[in-house]
Amino acid sequence: VEQEWIVEAHYPDVAALTRAASHFEHLIVDRKRQVVRVLTDANGTAQLREAGLDDIRVDQAGSARLHAFEQARVQARSNGISPNSIPGFACYRTVEETYSTMETLKSAHADIVDIHNLGPTWKKTQNAAQGYDMRALRITNFDTIGSDPHRPKMVVFGSIHAREYAPAEVATRFGEWLVNNYGTDPEATWLVDHNDFHLVLEANPDGRKIAEGGVYQRKNMDTIYGSCSSSPGVDLNR
């Protein structure tokens, strides 16, 4: 991420804005100032200039915060701890905090909770020290599933779009509600006893981690199959 910066540029007219927008997945547009804001690299900056935008400048402070956040994330993961909550959105768990919640639920309720490893994210396939393991939180009554192997299954994907914080949190809280109320709440108990839930709480952890640094990231971070614009990645919901 340190090869990318938060860039601002002035567009002289709507035609120039339209030309610039064709190169990027998303632009933040300030129409009063006629300024666009985007996370991009040197190639994207050149495309802004070719589209007719001027007064192109790097937001040094914003870029520094993004780079510092990414460095803190890498350091936190290497130390086995969670970084601070998402700046400005402390009520939503980070990827690391979500995964920690999954481990806590499994540790306390192994009879109804398991965690399935679905394989590495794209970034981890490129560098084992980066990216994540994709995980699914499985919730069902394992003591009775042998006699009821065909119980209905429900699969949920949370926050496929990286910048949409709420779906991952809602899915996580749903899983917590099922597990923490099992045996005391009749509805939660019935749902766990008679259904097989597979909750992929963080469906786009690579992109989500970029978004947690304050960047308007939507897609994953695949720069090979998702390199057709200056905003890297594949839109996993398309």
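Residues numbered from 1 in each chain as written. Predicted model: local features only at pLDDT ≥ 70, side-chain atom pairs only at ≥ 80, totals over all residues. Heavy atoms only, no water.

Participant: Explanation requested: the sheet that holds strand E7 (residues 153–157) in the structure shown.
Facilitator: Through backbone hydrogen bonds, the strands of a sheet pair up, either in parallel or in antiparallel fashion. With mixed pairing, the four strands of this open sheet are ordered in space as E5-E6-E8-E7. Taken across any chain shown, the strands that pair with only one partner, and hence form the sheet edges, are strand E5 (113–120) and E7. The average angle at which neighbouring strand axes cross in this sheet is 20 degrees, direction not considered. The sheet strands contacting helix H4 (residues 95–108) are E5 and strand E6 (133–139), and the helix crosses E6 at an angle near 35 degrees. In the packing of helix H6 (residues 165–180) onto the sheet, the strands contacted are E5, E6, E7 and strand E8 (196–200), and the crossing angle to E8 comes to about 150 degrees. (Pairing = 2+ DSSP bridges. Helix = DSSP H or I, 4+ residues; strand = E, 2+ residues; numbered from the N terminus. Axes fitted to C-alpha atoms, helices over the stretch in contact; angles between N-to-C directions. Contact = heavy atoms within 4.5 Å.)

Participant: Just to check I follow, could you spell out the layout of surface pockets for this structure?
Facilitator: In this approach the atoms are scanned with a rolling probe the size of a water molecule, which exposes any empty space left behind. Empty space within the second largest pocket amounts to approximately 330 Å³. When residues in the lining of the second largest pocket are grouped by element, the largest group, three residues, is from strand E3 (residues 35–40). Split into classes, the residues belonging to the lining of the second largest pocket amount to ten nonpolar, four polar and six charged. (1 Å grid on protein atoms, 1.4 Å probe; cavity = no way out; pocket = protein on both sides within 12 Å on 5 of 7 lines; lining within 4 Å. Points joined across faces, edges and corners; volume = space filled by probe spheres on them. Nonpolar A, V, L, I, M, F, W, Y, C, P; charged D, E, K, R; others polar.)

Participant: Looking at this structure, how should I read unusual backbone geometry?
Facilitator: Phi is positive for Gln34, close to 55 degrees, though the residue is something other than glycine. Mapped onto the secondary structure, Gln34 falls in the loop between strand E2 (28–30) and E3. Since its relative accessible area comes to 29%, Gln34 is described here as partly exposed. Phi is positive for Asp55, which is not a glycine, with a value near 50 degrees. Position of Asp55 among the secondary structure elements: in strand E4 (residues 54–58). (Buried < 20%, exposed > 50% of the residue type's maximum accessible area, 1.4 Å probe, protein only.)

Participant: Would you explain the sheet that holds E2 in this entry?
Facilitator: One open sheet holds the four strands; their spatial order is E2-E3-E1-E4, and the pairing between them is antiparallel. Each of the sheet's edge strands pairs with one partner strand only, and the pair in question is E2 and E4. Neighbour-to-neighbour, the strand axes of the sheet open up by a mean angle of 20 degrees, direction not taken into account. Taken together, the three bridges between strand E1 (residues 5–10) and E4 define a ladder with antiparallel strand orientation. Residue pairing across strands places Glu8 opposite Arg57, the latter belonging to E4.

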